[in-house]
Amino acid sequence: MKRIYVNEEYCIACRLCEVHCLVQHSQSKKIIKAYKEEAPQLMPRLVFEEEGPLSFAMPCRHCADAPCLDACITGAMHRDEETEAVLCDEDRCVGCWMCVMACPFGAIQRNLKGTKAASKCDLCYGEEIPACVAHCPNEALVFEEREQ
Amino acid sequence: MRYVIIGNSAAAVSAIEAIRQHDAENPITVISDETHHVYSRPLVCHLLGELVDEDRMHYRPLDFYEQHQVEPMLGVRATAIDTQAKTVLLAGGGSVPYDRLLLAVGGKPFVPPVEGIDLDGVFTFTKWEDAQKIDRYIKDNDVQSALIVGGGLIGMKAVKALMARGLQLTVVELADRILSTSFDHTASKLAESILRRAGAEVITGTTVKEIVGKEGRIDHAVLQDGEKVNCDLVIFGIGVRPNLDLILPEPERQTGIRVNRGIVVDEHMRTSVEDVYAAGDCVETYDMILEVERPIAIWPHATRQGHVAGCNMAGVEKTYAGGFPMNSEDIAGVPTIAVGLTDPQEHEDEYEIIEKYDRAALTYKRLVLRRDRLVGAICVGDIDRAGIYTGLIRDQVDVTPFKEHLLSGSFGLISLPKEYRKHIVVGEGIIV
Amino acid sequence: MSLSLLPPEFKIVRDDARCIACQVCVRQCANDVHAYDPEDDWVYSDYSRCVGCHRCVTLCPTNAITCVQNPLDFRANANWTHAMITGLHKQAETGGILLSGMGCDQPQRIYFDHLLLNASQVTNPSIDPLREPMELRTHIGRKPDRVEISCKDGKVKLDTKLAPQLELATPIMFSAMSYGSISYNACVSLARAAKQAGIVYNTGEGGLHPTLYEYGPWTIAQVASGRFGVHPEYLDVAAALEIKIGQGAKPGIGGHLPGEKVSADVSRTRMIPEGTDALSPAPHHDIYSIEDLRQLIYALKEATDYEKPVGVKVAAVHNIAPIASGIARAGADYIAIDGLRGGTGAAPTVIRNNVGIPIELAISAVDQRLRQEGIRNQVSLIAAGSIRNSGDVVKIIALGADAVYIGTGALVALGCHLCQKCYTGKCNWGIATQDPYLTKRLNPNIGSRRLANLVRAWSLEIKEMLGGMGVNAIESLRGNRDHLRGVGLNEVELRSLGIKAAGEA
C-alpha cells in the first residue's frame, strides 16, 4: 500500500502541504474561497513539526496494525477495504479522543472549531495522489510503497 | 468445528473479525444475555446524555452478523459451562456444543451492601439497558438532582451524561480525592475544581451509608459521617470487576478454569482448560509497567485481546504482549488523558516526576519516569498528541537525550532521535 | 546615526484579495521582508530589504505577490543614472568597496546578438537531425600535428600515440563554481547532471568534497592560486585538471570567500581553518612568468602520470591572443577563456563591470592567432562568459571554440533569478549559501534533473541548427566563420571577428 513519506533533508518548512491539505478537504476546493470563507472550521489533516532548520510533515501512517482502530469506541475509525487506508467517519465520531491517546505518532488532531471530531489524513481519498505530495515545492514528500 | 463466543462486546466483535479473516467457513455462535445488536458500551453515557441517538450506538453495521456468518443468540443467558462435555448450558434448558469457546463476558459493576439500594431510582450504569431505565426514570419522575457514588472513571461518565441532561449533581468518593487510581493529587484537585466550577458538588473521604425513600421514591441519601444529600436519583459507579459468574464458586461449577482476580490466560489468551479462551474485561493479563498480572478493563485492550484470541482460535498463532491502563475522559468539557503508572506509591525513589501546571489556562501535564523511561503520563486540558507519550511508554524508549523537551509546547517526533521516526522519513542512510 | 539615502530597489505589490495569509512568503524570505500580524490577521511587507529574488512570488499559492522595480524616478539624466547615484550614496555611507554577485550587467555590446547563422538551401541541402546521425561528441585535449596509421591484415591501426582527451557527449560543460561560494546541494546537482548528460563539471577553487569522488570521471579539478583542497587524491579522482590563472568577472584580482561562509564542511574540503576568510591571491605566488606556468603544468602532469589533460583558465583581457599562444606552447592541453560577462559569487562591482573584453572577440582573436601560428591543434579552446542559449553556443564554436563552459546559465537552471546578492550568503534558492535553512531548498534530485534537461534541450537545438546549416558534426563548425554574418557591426569589429557582414555572400 502506498503511503506518504517525507525526506527531512528537503523539507523547507514552507507549509504549503498544510495549505493544500486544507483546500483539498474544503467544500469549495478553491484556495481563496476556502481560506476567506470556510476557515476557521477547516484544519489541515497533517501535523507539521519544526525545530530549528529541521522540519517535516507528519501525516497519518495508516498503520497495518493501527492502535486507533482498537481504541475507537464508535466505529468511526475504520479501514477502507479498497485502499487499506484508515479513515475517520467524522459524523460517527463523538470526540472521546481515545484515538488521540492511542496514536504513537500523534497524527490525530481534534477539530475543535469545526466538526468537533477527530481529524486526520485520509490519503486524499478518491484522488490519485495526495494533495500535499502533489504540491510540495521541493519534492520532500513522496507517495510510494515500502516494506514496513 | 464450531466456535462459540459468550459475550457480544469489544472482545467478541474483534474475535469474530479475526476468526473470519482466517476461517471463512466454520460456524460461529454468539450467546449474549442482552437483546441489543453489537453496540459500544462506552457510548452508554453519551446515549443517556442525549449526545448520540440509538443508531450511533451500533459501532458495527447492522448486517454485521450476516456479513460474518455468525449465528446470534441474543437475549439468551448462559448459565454454566460443561468443560468435560464441551457444552454451554443456557437458561431455559437449552445447550450449545462447542469446539472452541471464547469467554468475553466482560465486567460486572460492583455494588456495595448499602441500605436502600433496592429502592426505585437506584441504578448501576454500564449497559444500554441501564441507560434506558435511567432515562425513563428521569422523565417519569421529573428528576432534578442526582447522587453519583464513586468519583472514578465510571462516576465521571455518569457526571458527563447527567450534566448534559441539566441535573444538579453531587459526587461522593470514598478516597480523599476523585480519580485516585488514574490521576495524581494535583490532577485530582484540578478535576474537582473543574467539576465545582461546572456546578457539581464534590464530597471526598466518605461514601453512602443509607438511601432513604419517601412514598416509593428516593428522598435523600445519608453519608457515613451523617451528612444528608438531597437527591432524586442515585447512580452507583464505583467500579467494575471481571464477570466470573460462569466459573465461580469453584467447587460447584467445576469448570477447571483457573481464576485469580480475573480469568487467568496465557499470552495466546488460552485459559487453563484446553479449547477455552478468554478476552476482555473478564481476564487478567500482564501489566507491562507494574509487571504483574491484573485485570485492565479498557476498551482498546479488550479489542486487541479479542483479536489475539480469535486468531489463535482459528489456528493462527498470535500473542498478546500485555498492556497498561489508558483513559481519555472529559470532565465537564475539559479533556483529560491518563496513561500508565501516574502516581507511584511504592519505591518512590525509583521514579522521577516532571510536571507543568498552568493555573491560568487550567492545563496540567505530568510525566512519570522510571530508570529514564516513561511509565506514566497525565494530561489535563492540553491533550494534543498525547499518544506520543503512550508510544514512548509502550516501547520503553530511553528519554535521556530529549528529557528537557518532553513537556515543551513543540514536543513531537522531531525531538526524538531519528531512528524513532524511521517509519515516516526517507533519505540517505535511513533504513526503514 | 544619520539617515540612509538608499531607497528600496524593489517594491512588493500584494493583492490583498488574493492573499490568504498562509505565511509561506514570511517563512521563505531570507531577508525578512514579509511579516505576519496576528492581531490584524494579515501579512505585510517591508520591501526596503527586498532583493528581487522572486522566491515569495514563486511559492505564493495564490499568486498574490508580484515584485517590481521600485518606480522611483530621478530627473532624467543619461550620465548620472539611478544606479550611479545610489552606488555613490552607498560608498559615502560605508566607505567600502561596492560588491556584486554574478556577471557584468551593463549595456556593453553583446556580439552574440549581432551574429547571424546560415541555413542551407537549394545549393547545399540541409540535414534532418531526426533522420540522420548528428555528431555532437567533442574531445577536449591536445591533438597531434600528424596522424600515422598503418594497415595490417586488412585492419586499420592508429600508430600515433594521442595525448589524453576529455570526451564530452555535447560541447557544453558546467563552469567552475567552488564549494563554499555555492552550497553542497548545488555541487551534487552539478556532479549528477554532468554524469547523466555525459559531460563534466568543474570543482572551482574550493576543492572536492569526498562524497563527490564517485563522480570523478565527470569532474575537472581546479588548481587555483589559493591551492584550496589540492592533495594527491583530489588530482587522482578527476578526469582533467585545470590551473586557474584568472576569471572573467574579476580579471587580475584574487578571490575572497568571507569567513561566515567557511563552515566546518567547507573548511575540511578546502583544508583551511573553520571561520577564516578564504583568500585566493591575485597571482599564483609561484607563477611569475610563462616558464613558471610551464613548470606547474608539467608538475601536475608528472603527478598524474600524464594520464589526464591539464588545462589553463584565463580571463579575456586585451592581449589574450599572445597570452594564449604562450599557454599553448607551455604545454597546456586546453585553454579556457572567461569573458567580460563571466559570473562570480562576489567581486567589486567596478572591476566586474569594467575589466576584460567580451568572449566573442577574445575567442575570435585567439582562434585566428593560433591558426596563424600553426599551433591551433595543440590546444582545445573553451569559451566562457555568459553563454545564454544554444544560439550562443553555435556562434562561439563557429568563432573558434571547441566547447563552452556555462556558469550563470547552470545556476539559472537551478533556480537563480540573478538578484546579484550572492555575496550576502542569503541566497533564497539555496544555491549561493551555506545556511542550513536555505541549502535545503535545493533538492539535488530536482536540481540535477533541471540541469540535465537544460543540456538536453540545448543539444537538441544545436543539432537542429547544425542540420539547418548542412553540417553533421560539431567539429565541422569549429572556427568555420563562413557560417556567420555580422549585423549592425562596424568594419573594425567585422575584421576582428573575421566574419562578413550580413548580405554578403
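Residues numbered from 1 in each chain as written. Chains lettered and ligands numbered in written order. Predicted model: local features only at pLDDT ≥ 70, side-chain atom pairs only at ≥ 80, totals over all residues.

Focus on the overall build of chain A
Thinking step 1. Across its full length, chain A holds five helices and eight strands.
Thinking step 2. Listing the helices and strands of chain A from first to last along the sequence gives β-α-α-β-β-α-β-β-α-β-β-α-β.
Thinking step 3. By the compact-globule yardstick of 15 Å for 148 residues, chain A fits well, its C-alpha radius of gyration being 15 Å.
Thinking step 4. With the C-alpha coordinates aligned to their principal axes, the bounding extent of chain A is approximately 40 × 40 × 30 Å. (Helix = DSSP H or I, 4+ residues; strand = E, 2+ residues; numbered from the N terminus. Rg over C-alpha atoms; globule rule 2.2 N^0.38 Å.)

As for the interface of chain A and chain B
Thinking step 1. In this complex, chain A contributes 33 residues to the contact, which on the side of chain B involves 37 residues.
Thinking step 2. Counting residues per element, the ones that place at least two in the side of chain A that touches chain B are strand S1 (2-7), strand S2 (47-51), strand S3 (54-58), helix H3 (67-71) and helix H4 (98-102) of chain A.
Thinking step 3. Each residue belonging to the side of chain A that touches chain B can be placed in one class, and the counts come to 19 nonpolar, five polar and nine charged. (Contact = placed C-beta atoms within 7 Å. Nonpolar A, V, L, I, M, F, W, Y, C, P; charged D, E, K, R; others polar.)

Examining the sheet that holds strand S5 (residues 87-90) of chain B
Residue and element names in this part refer to chain B.
Thinking step 1. Sheet architecture is open: three strands sit in the order S4-S5-S6, paired in antiparallel fashion. Sheet topology places strand S4 (78-82) and strand S6 (95-97) at the edges, where each strand pairs with a single neighbour. Averaged over all adjacent pairs, the angle separating strand axes in this sheet is 20°, with direction ignored.
Thinking step 2. With three bridges connecting them, S5 and S6 associate as antiparallel partners. In the strand pairing of S6, leucine 89 is matched with serine 95. (Pairing = 2+ DSSP bridges. Axes fitted to C-alpha atoms, helices over the stretch in contact; angles between N-to-C directions.)

Focus on the environment of Cys427(C)
Residues and elements named next belong to chain C.
Thinking step 1. In this structure, cysteine 427 sits in the loop between helix H12 (408-414) and helix H13 (436-439).
Thinking step 2. For cysteine 427, a count of 32 C-beta atoms within 10 Å translates into the label buried.
Thinking step 3. Along the primary structure cysteine 427 and serine 183 are separated by 244 residues, whereas in three dimensions their C-alpha atoms are 9.7 Å apart.
Thinking step 4. Not counting the four nearest positions on each side in its chain, cysteine 427 is found in contact with Cys422, Ala432, Thr433 and Leu438. (Buried ≥ 20, exposed ≤ 12 C-beta atoms within 10 Å, placed from the backbone.)

With respect to the interface of chain C and chain A
Thinking step 1. Taken together, the contacts link 16 residues of chain C with 17 residues of chain A.
Thinking step 2. Of all the secondary structure elements, the ones that give two or more residues to the side of chain C that touches chain A are helix H1 (24-28), H13 and helix H14 (444-469) of chain C.
Thinking step 3. Among the residues forming the side of chain C that touches chain A, the class breakdown is eight nonpolar, four polar and four charged.

Observations concerning the sheet that holds strand S19 (residues 276-278) of chain B
All names here are of chain B.
Thinking step 1. Strands sit in the order S3-S2-S1-S7-S19 across an open sheet of five strands; the sheet is parallel. Unpaired on one side and paired on the other, strand S3 (70-74) and S19 mark the two borders of the sheet. When strand polarity is set aside, the average angle formed by the axes of neighbouring strands in this sheet is 20°.
Thinking step 2. Strand direction decides the pairing type here: strand S1 (residues 3-6) and strand S2 (residues 28-32), joined by four bridges, are parallel. In the strand pairing of S2, isoleucine 5 is matched with valine 30.

Side note on helix H8 (residues 320-329) of chain C
All names here are of chain C.
Thinking step 1. Of the positions making up H8, those classed as buried are Ile320, Ile323, Ala324, Ser325, Ile327 and Ala328.
Thinking step 2. Those residues of H8 that are buried are in contact with helix H7 (290-303), strand S17 (310-315), strand S18 (334-338) and helix H10 (359-372).
Thinking step 3. Downstream of H8 by one or two residues, glycine 331 has phi in the positive range, about 105°.

Examining the domain arrangement of chain A
Residues and elements named next belong to chain A.
Thinking step 1. As far as domains go, chain A holds domain 1 (1-59 + 124-148) and domain 2 (64-120).
Thinking step 2. Relative placement of domain 1 and domain 2: their C-alpha centres are 18 Å apart.
Thinking step 3. Along the lines of polarity and charge, the residues of the side of domain 1 that touches domain 2 split into eight nonpolar, two polar and one charged. (Domains from an automatic or database assignment.)

Observations concerning the domain arrangement of chain C
Residue and element names in this part refer to chain C.
Thinking step 1. Considered domain by domain, chain C is made up of domain 1 (10-96) and domain 2 (171-445).
Thinking step 2. Inter-centroid distance (C-alpha atoms) of domain 1 to domain 2 is 33 Å.
Thinking step 3. Counting residues at the interface gives nine residues for domain 1 and seven residues for domain 2.
Thinking step 4. When grouped by side-chain class, the residues that make up the side of domain 1 that touches domain 2 number four nonpolar, four polar and one charged.

Here we look at the arrangement of the chains
Thinking step 1. There are two pairs of chains in contact here, and the one with the most contacts is chains A and B.
Thinking step 2. These two, chain B and chain C, are apart from each other, with no contact and a minimum C-alpha gap of 11 Å.

Examining unusual backbone geometry
Thinking step 1. Here the residue pair Ala39(A) and Pro40(A) is connected by a cis peptide bond, since its omega of 0° sits within 30 degrees of zero.
Thinking step 2. Positionally, Pro40(A) belongs in the loop between helix H2 (31-38) and S2.
Thinking step 3. In this chain, Leu248(B) is followed by Pro249(B) through a cis amide linkage whose omega measures -5°.
Thinking step 4. With respect to the helices and strands, the residue Pro249(B) is situated in the loop between strand S17 (240-242) and helix H8 (250-253).
Thinking step 5. For Glu50(B), which is not a glycine, the phi torsion comes out positive at approximately 55°.
Thinking step 6. Following the sequence through the fold, Glu50(B) ends up in the loop between helix H2 (44-48) and helix H3 (54-57).
Thinking step 7. Positive phi values are uncommon outside glycine, yet Gln420(C) reaches one of about 65°.
Thinking step 8. With respect to the secondary-structure elements, Gln420(C) resides in the loop between H12 and H13.

Observations regarding the confidence of the model for chain C
Thinking step 1. Residue-level pLDDT values for chain C average 94, and 100% of them are 70 or greater.
Thinking step 2. Reported confidences for the modelled complex are a pTM of 0.90 and an ipTM of 0.95. (pLDDT = per-residue confidence, 0-100.)

Considerations on the packing of H8(C) against H10(C)
Residues and elements named next belong to chain C.
Thinking step 1. Across the interface, H8 lies against H10 with an axial gap of 8 Å and an inter-helix angle of 50°. Here H8 lies oblique to H10, going by the angle between them. When the axes of H8 and H10 are compared, the crossing they make is right-handed. Where H8 abuts H10, its residues Ile320, Ala321, Ala324, Ser325 and Ala328 lie against Ala362, Ala365, Val366, Arg369 and Leu370.
Thinking step 2. A breakdown of the residues in the contact of H8 with H10 according to their chemical character gives eight nonpolar, one polar and one charged. (Parallel < 35°, antiparallel > 145°, perpendicular 65-115°, else oblique. Left-handed = near helix turned anticlockwise from the far one by under 90°.)

With respect to the packing of helix H4 (residues 184-197) of chain C against H14(C)
Residue and element names in this part refer to chain C.
Thinking step 1. Here H4 crosses H14 at 45°, and the two axes come no closer than 8 Å. It follows that H4 is oblique to H14 by the angle criterion. The chirality of how H4 crosses H14 is right-handed. Contacts between H4 and H14 pair Asn185, Ala186, Val188, Ser189, Leu190, Arg192, Ala193, Gln196 and Ala197 from the former with Pro444, Gly447, Ser448, Leu451, Ala452, Val455 and Arg456 from the latter.

Describing the pairing of S17(C)
All names here are of chain C.
Thinking step 1. Of all the six residues making up S17, six are buried; the element is thus mostly covered by neighbouring parts of the structure.
Thinking step 2. The two faces of S17 match: Val310, Val312 and Val314 on one face and Gly311, Lys313 and Ala315 on the other face are all buried.
Thinking step 3. Summarising the sheet, strand S14 (residues 240-244) and S17 pair through four bridges and their orientation is parallel. Bridge pairing in S17 places glutamate 242 opposite glycine 311.
Thinking step 4. The sheet contact formed by S17 and S18 spans five bridges and is parallel. Residue pairing in the sheet places alanine 315 in a bridge with aspartate 338 of S18.
Thinking step 5. Traced from S17 through H8 to S18, the parallel crossover comes out right-handed. (Right-handed = clockwise from strand over helix to strand, strands pointing away.)

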